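# Chain and residue survey
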Amino acid sequence: MYNVQIKGKIIEQVKDVAKEAGAFIRLQRQDFSPDKVETKGTHDYVSYVDKEAERLIVERLRKVLPEAGFLTEECTTVDDVQHEYVWVIDPLDGTTNFVHGLPPYCVAIALRKGREILLGVVYEVVNDELFWAYQGGGAYLGEQPIRVSNEQHLNDALLCFGFPYNVEAWSPVMQRIVRDFYGHCASIRNLGSAETELCYVACGRFDGYVESYLKPWDVAAGSIILQEAGGMVTDYQGGNQWMDGQQVLATNSVLHEELRQKLTLTF
Ligand code: IPD
Ligand code: CA
Ligand code: CA
């Protein structure tokens, strides 16, 4: 029953919630100062803006689907994630960008039923871009349908590589990535917001995106948007452990296997 409702009413409400949280974040940015930043781990920042945005989102979504649980980055709600339906929320993805006043940063909301993602909404605040998709319904940027790129050649692909917080483990890998990819594709980028980066693959701005150590709230919304736009997301073995398995390989589908094999040699 819900699947039918989700395709109509729920996605519209989630889009409104994401935009409302985005408007709050935009307003707070106007007089945001560095002394409002707290540290969660080494170089891992948070502020009242992340937490307040999350509270707002949770409060609104409780009314949308009262029986759903919550899995949220800032844990402002402790809710049983064993519910049949679970909202997966990153209230502000790209916090480091936000505190530096640098785009992009976004609000990301997904609805999960078991391991299946039913819908995803990513609202990139600075460019006022609303990406959204629901299972079987295609992917959109605002009102426009979006598709992944048709890039066929890795040598011409624009690739995005995440810089995870787990510096000790990833630093040597990053050096090998630069060695193997810099100069061997169109170029390499990092934007500092995993959800936005997935959406940029979905709309063809990037041809591929690779990142490790991500959490479900960093990828849930963007990955259904990518899949509905014709893209592919897997772990580094080509399997489906990308949501909780901390390995995300996202592409326009065409380049997936070639990129996966090249990465295997690099890692
Ligand atoms: C982070 C961003 C960043 C990625 C980190 C994430 P946050 O999320 O998505 O791009 O490299 O691993 O944790 O902390 O800004 O919500
Ligand atoms: Ca995040
Ligand atoms: Ca966050």
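The following refers to the structure shown. Keep in mind it's a predicted model, so treat the numbers as computed, not measured.

Moving on, we get to unusual backbone geometry. Geometrically, the link from Pro-103 to Pro-104 is a cis peptide bond, its omega value of -5 degrees lying close to zero. Within the element layout of this structure, Pro-104 appears in the loop between helix 3 (95–100) and strand 5 (106–113). In this structure, Asp-128 is a non-glycine residue whose phi angle is positive, near 55 degrees. Relative to the elements of secondary structure, Asp-128 occurs in the loop between strand 6 (116–124) and strand 7 (129–134). Phi at Tyr-213 takes a positive value of approximately 60 degrees, unusual for a residue other than glycine.

Here we take up the sheet that holds strand 3 (residues 69–72). Strand order in the open sheet made by the 7 strands is 3-4-5-6-7-8-9, with mixed pairing throughout. Single-partner strands in this sheet number two, and they are strand 3 and strand 9 (144–145). Across the sheet, helix 2 (residues 48–64) lies against strand 3, strand 4 (85–93) and strand 5, angled at about 150 degrees from strand 4, the strand it touches most. Helix-sheet contacts for helix 6 (residues 216–228) involve strand 3, strand 4, strand 5, strand 6, strand 7 and strand 8 (139–141), and the interaxial angle to strand 6 is about 100 degrees.

Looking now at the coordination of the calcium ion (ligand 2). Protein-derived ligands of the calcium ion (ligand 2) are Asp-90 (OD), Asp-93 (OD) and Asp-218 (OD), with the metal-ligand distances lying across 2.1 to 2.2 Å. A separation of 3.7 Å is found between the calcium ion (ligand 2) and the calcium ion (ligand 3), which share Asp-90 as a coordinating residue. Taken together, the residues Asp-93 in strand 4 and Asp-218 in helix 6 connect sequence positions 125 residues apart. Each member of the pair Asp-93 and Asp-218 is classed as buried.

With that settled, the discussion passes to the site of ligand 1. As a structural note, the neighbourhood of ligand 1 is formed by 14 residues, with Asp-93, Gly-94, Thr-95, Ala-194 and Glu-211 the closest of them. For ligand 1, an oxygen atom lies 3.1 Å from a polar atom in the side chain of Tyr-165. In this structure, an oxygen atom belonging to ligand 1 sits 3.1 Å away from a main-chain N or O atom of Ser-193. Burial of ligand 1 by the surrounding chains reaches 93%, relative to a free accessible area of 380 Å². The element that contributes the greatest number of residues to the shell around ligand 1 is strand 4, accounting for 3 residues. Its residues assigned to classes, the shell around ligand 1 shows 5 nonpolar, 4 polar and 5 charged.

This paragraph deals with the packing of aromatic side chains. For the structure shown, the criterion picks out 10 aromatic pairs. Taking the centre distance of 6.3 Å and the plane angle of 55 degrees together, the rings of Phe-131 and Tyr-200 count as tilted. Note that Phe-131 is positioned in strand 7 and Tyr-200 in helix 5 (residues 194–202), a separation of 69 residues in sequence. Summarising the burial analysis for this pair, Phe-131 and Tyr-200 share the class buried. Judged by centre distance (4.8 Å) and plane angle (50 degrees), the rings of Tyr-236 and Phe-267 are tilted. Remark: Phe-267 occurs in the segment after helix 7 (256–266) and Tyr-236 occurs in the loop between strand 13 (232–234) and strand 14 (247–251); sequence separation between them is 31 residues. Arg-205 extends its terminal NZ or CZ atom over the ring of Tyr-200, reaching a point 4.6 Å from the ring centre. One Lys or Arg, Lys-262, reaches over the ring of Phe-181 and ends 4.9 Å from the middle of that ring.

About the cut-offs
- Residues numbered from 1 in each chain as written.
- Chains lettered and ligands numbered in written order.
- Predicted model: local features only at pLDDT ≥ 70, side-chain atom pairs only at ≥ 80, totals over all residues.
- Heavy atoms only, no water.
- Helix = DSSP H or I, 4+ residues; strand = E, 2+ residues; numbered from the N terminus.
- Pairing = 2+ DSSP bridges.
- Contact = heavy atoms within 4.5 Å.
- Axes fitted to C-alpha atoms, helices over the stretch in contact; angles between N-to-C directions.
- Donors = N, O, S within 2.8 Å, 3.2 Å for Na, K, Ca; no water.
- Buried < 20%, exposed > 50% of the residue type's maximum accessible area, 1.4 Å probe, protein only.
- Near = heavy atom within 4 Å.
- Polar contact = N/O pair within 3.5 Å; in protein donor to acceptor, adjacent residues only side chain to side chain.
- Areas by Shrake-Rupley, 256 points an atom, 1.4 Å probe, with all protein chains shown as cover.
- Nonpolar A, V, L, I, M, F, W, Y, C, P; charged D, E, K, R; others polar.
- Phe/Tyr/Trp six-rings, centres within 6.5 Å; stacked < 30°, edge-to-face > 60°.
- Lys NZ or Arg CZ within 6 Å of the ring centre and 35° of its normal.

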